[in-house]
Amino acid sequence: MTNEPIAVPGPLSDRHVVLGVTGSIACYKAIDIASQLVQAGAIVDVAMTESATKFVPALTFRSLTAREPYVDMWHPHGEFGEAHVELARRADVMLIAPGTASTMARLAHGLADDFVSLTALATQAPLLLAPAMDAQMWSHAATQANRALLEERGVQFIGPAEGRLASGRVGAGRLVEPGAIVAELRARVGRERGDLRGRTVIVSAGGTREAIDPVRYVGNHSSGKMGHAIAEAARDRGAEVILVTTVPEIAPAAVTVVPVSSAGSMQAAIHERAGSADALVMAAAVADYRPASAADQKIKRADAGDMAIELMENEDIIASVTGDLVKVAFAAETQDLIANAEKKLAAKGARLIVANDVTAADAGFGTDTNRITILDDQGGREVVPLMSKYGCATRILDRVAALLG
Ligand code: CTP
C-alpha cells in the first residue's frame, strides 16, 4: 500500500484541444497555457500564425505538446490531406490565446489565410478567444464591432484584462492570466458535456470570523481548500457555481464568488440564493457561537486582571435551509468520527454528510489531500482513500449528480 494520493481525471483528460497562437507579445504566456493543458491531460495541437513564430518558435510548443505545431498552410502534413479540416474535425474545443485584433477581424469576416483562421473557420467545436492588444486597438470601433459579431456567433471571449500593457500604458487589453484561461476552458467543456450542466450548486468554504472588535475575531483553522476544490470540480462538470467563501483571494476562476466573513453574513448570502439552487454543499467551518456584542472601537488592555467574552449561539445554517435541494453537510471531527457524523446527518436534514478526521496529518485543515467517508441518509457508507481535495470533491459530486438524477 502506498500513501501517494490517487490521481483523478479532470474535464480535459483525453480531450482534443486546438490552441491557436497569434502574433502578440503575450505569446510567451501561450507557452504556459499549452503546458497547463498538457498537464490537465489534454491532447494539444498548436496552430500558429507566421507572426506568432516571430515571438515564440514552433519548437517550444513541439517540445511541450510532443506534437508538431501547424504553421505553414502549404506544408504537406504527412498524416492527412486537408490538415486544417482534419484538425478542425478532431477538435473538442478550440482556444485562441493570444488573439490579436487582426485575428478577430479575420474571424469576423470569415477570412482563412493562416492556419489559425483556417482552422477556426472549419471547426464546429466551441471557440474561445482571449484577446491581447493595446488598449487603443481594443477600444477601436472596428475591434468592438468584430467582438460583437463574433459573440453573436457564439465565440466566447475571455477578457481582456485591465492592467499594464506592453506599450507602457495602462488599460484594457492584457491577456488574462494562463490559469484563469485554462479554468474558463475547463468550465466550457463542462458546460458542453458535464453531468452537472444546467445545475446551480452553492458551495460554502472557509472558516467564519466572528468579530470581537474592529481588529479581532473568533475564528478557526479552516483554510477553505476543500470547499474551493468542490467549487472547482462542480464548475468542471458544468454547474453554475456560487461560492460563498471567507477566503475569496484563493477562489477558483469561472465561478461566482460571494465574499463573506461571519456566520451571519454567510447565512444571509446562502438564504438569498438557495431558492434557485439544486444543491448546497456546506464545506465551511461555521462558528457555532459569536461574541454577544462586537465593540465599536478596539478593546484596550485593562490595567489588571483577566477578561471574558460572552458568546451567543449562531443558527445552524444548513439546517435552516429548506426546499427542494440536495444538502451536503461536512463533519470535521477529532473523535468518534462516524457516530458524530451520523447524528449530524439526521439533525441537519442532509442527504449526504462528508466525515473527516481533522487530526490526521494528511487530511483535514490546510492540507492539499483528504481522507473522507461519505455517509448517506439511507445508511450507506463510502470510504474514500487518501486523495487530492479535488479528487475527494469528484467523489462527493458523483453522489450529488446521482441524487439529482
Ligand atoms: N454548520 C452550519 N451552521 C452552523 C454550524 C455548522 O451550517 N452554525 C454546518 C457546517 O458547514 C457543516 C456541518 O454543519 O457542514 C457540521 O459542522 P460542524 O461544525 O462539524 O458541526 P456542528 O453542527 O457545529 O457540531 P459540533 O460543533 O458540536 O461538532
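All values reported here derive from a predicted model rather than from experimental measurement.

A. Up close: the overall build of the protein. Helix and strand counts for the protein come out as 14 helices and 19 strands. By its C-alpha atoms, the protein is 80 × 50 × 40 Å across when sized along the principal axes. Within the protein, the fraction of its 405 residues that count as buried is 50%. Summarising the internal contacts of the protein: among those between residues at least 6 apart in sequence, 66% fall at separations of at least 24. If you sum the accessible surface of the protein, you get close to 19000 Å²; carbon and sulfur atoms cover 50% of it. Looking at charge distribution, the protein has the averaged site of its 39 positive side-chain charges lying 2 Å from that of its 48 negative ones.

B. Inspection of the side chain of N370 at higher detail. Considering the arrangement of structural elements, one finds N370 in strand β18 (residues 369-376). We classify N370 as buried; its relative accessible area is 1%. Here N356 takes part through its side chain, which lies 3.3 Å from a polar atom of the side chain of N370.

C. Structural view of helix α13 (residues 337-347). The complete set of buried residues in α13 reads N340, A341 and L345. Seen from one end, α13 has its buried residues packed into an arc of 140°, which puts them on one side. Facing away from the buried surface of α13 by more than 90 degrees, the exposed residues are K343, A346 and A347. In this structure, the buried residues of α13 make contact with β16 (326-333), β17 (352-357) and β18. In the stretch just after α13, G349 is the one whose phi turns positive, near 65°.

D. Fine view of the domain arrangement of the protein. Here the protein is described as being made up of domain 1 (16-188) and domain 2 (197-404). Summarising the inter-unit geometry, the C-alpha centres of domain 1 and domain 2 are found 38 Å apart. In this assembly, five residues from domain 1 lie in contact with five residues from domain 2. Summed over both partners, the interface of domain 1 with domain 2 comes to about 440 Å²; 53% of that surface belongs to carbon and sulfur atoms. For the pair domain 1 and domain 2, the interface holds one salt bridge. Summed over the shared surface of domain 1 and domain 2, the result is two residue pairs in polar contact (both at pLDDT 80 or more). A per-class count over the side of domain 1 that touches domain 2 returns three nonpolar, no polar and two charged.

E. Broad picture of the nonpolar core. Of all hydrophobic cores here, the largest spans 34 residues; its most connected members are I230, V328, F330, I396 and V400. Here this core gets eight residues from one element, more than from any other, and that element is helix α14 (residues 389-404). Not counting residues within four places of it along the chain, the set of residues in contact with V328 comprises L280, V281, M282, I318, L352, V354, I396 and V400. Of all hydrophobic cores here, the second largest spans 32 residues; its members include L12, A26, I33 and A34.

F. Spatial organisation of the environment of V244. Within the secondary structure, V244 is located in strand β11 (residues 240-245). Under the relative-accessibility criterion, V244 is labelled buried at 0%. C-alpha of V244 to C-alpha of I202: the two residues are 42 residues apart in sequence and 7.3 Å apart in space. Dropping the residues within four chain positions of it, V244 is found in contact with I202, V203, S204, A205, V258, V260, M266, A269 and I270.

G. Focus on unusual backbone geometry. Here the residue pair A97 and P98 is connected by a cis peptide bond, since its omega of -5° sits within 30 degrees of zero. Looking at the element boundaries, P98 is found in strand β3 (residues 93-99). Of note, D14 is a non-glycine position whose phi angle comes to about 60°, a positive value. The phi dihedral of A254 is positive, around 65°, even though this residue is not glycine. Tracing the sequence through the fold places A254 in the loop between β11 and β12 (256-259). Among the residues examined, A254 registers a relative accessible area of 30% and is labelled partly exposed.

H. Region of the structure containing the pattern of salt bridges. Counting across every chain of the model gives 28 salt bridges. Between D45 and R90 there is a salt bridge, with its nearest N and O atoms 3.4 Å apart. Pair noted here: D45 is in strand β2 (residues 43-48) and R90 is in helix α4 (residues 83-90), with a separation of 45 residues, a long-range link. In this structure, the salt-bridge partner of E333 is K344, at a minimum N-O distance of 2.5 Å. Of this pair, E333 sits in strand β16 while K344 is found in helix α13, placing the two residues 11 residues apart along the sequence. Salt bridges here are not isolated pairs; linked through shared partners, they connect R186, E232, R235 and D236.

The rules behind the values
- Per-chain numbering applies: the sequence of each chain, read as written, is numbered from 1 onward.
- Reporting in this predicted model follows two pLDDT cut-offs: at least 70 for local features of residues, and 80 or more for side-chain atom pairs to be given and counted; totals over whole chains, interfaces and linings ignore these cut-offs and use all residues.
- Note that water and hydrogens are dropped before the side-chain values are worked out from all heavy atoms of the structure.
- Starting at the N terminus, helices and strands are each numbered in turn, a helix being any DSSP run of H or I of at least four residues and a strand any DSSP run of E of at least two.
- Residue exposure (1.4 Å probe, protein chains only): buried if accessible area is under 20% of the type maximum, exposed if over 50%, otherwise partly exposed.
- Should any heavy atoms of two residues lie within 4.5 Å, those residues are counted as being in contact.
- All accessibility values rest on the Shrake-Rupley procedure with a 1.4 Å probe; residue burial counts only the protein chains present in the view.
- His is not counted here, nor are the chain ends, while Lys and Arg score as positive and Asp and Glu score as negative.
- By convention, the charge on Lys lies at NZ, on Arg at CZ, on Asp at CG and on Glu at CD.
- Within 3.5 Å is the distance limit for a polar contact, defined as a pair of N or O atoms, with the added protein rule that one can donate a hydrogen and the other accept it, and that residues adjacent in sequence qualify only through two side-chain atoms.
- Throughout, the arc means the angular range of directions from the helix axis out to the C-beta atoms.
- Bear in mind that the domain bounds are from an automatic or database domain assignment.
- When two components associate, each loses some accessible surface as probed by a 1.4 Å sphere; the sum of these losses over both components is called the buried area.
- The rule for a salt bridge is simple: a side-chain nitrogen of Lys or Arg has to be within 4 Å of a carboxyl oxygen of Asp or Glu.
- Gly is placed with the polar residues, together with every amino acid not listed as nonpolar (Ala, Val, Leu, Ile, Met, Phe, Trp, Tyr, Cys and Pro) or charged (Asp, Glu, Lys and Arg).
- Among buried residues, the Ala, Val, Leu, Ile, Met, Phe, Trp, Tyr and Cys ones that are joined through side-chain atoms within 4.5 Å form a nonpolar core.

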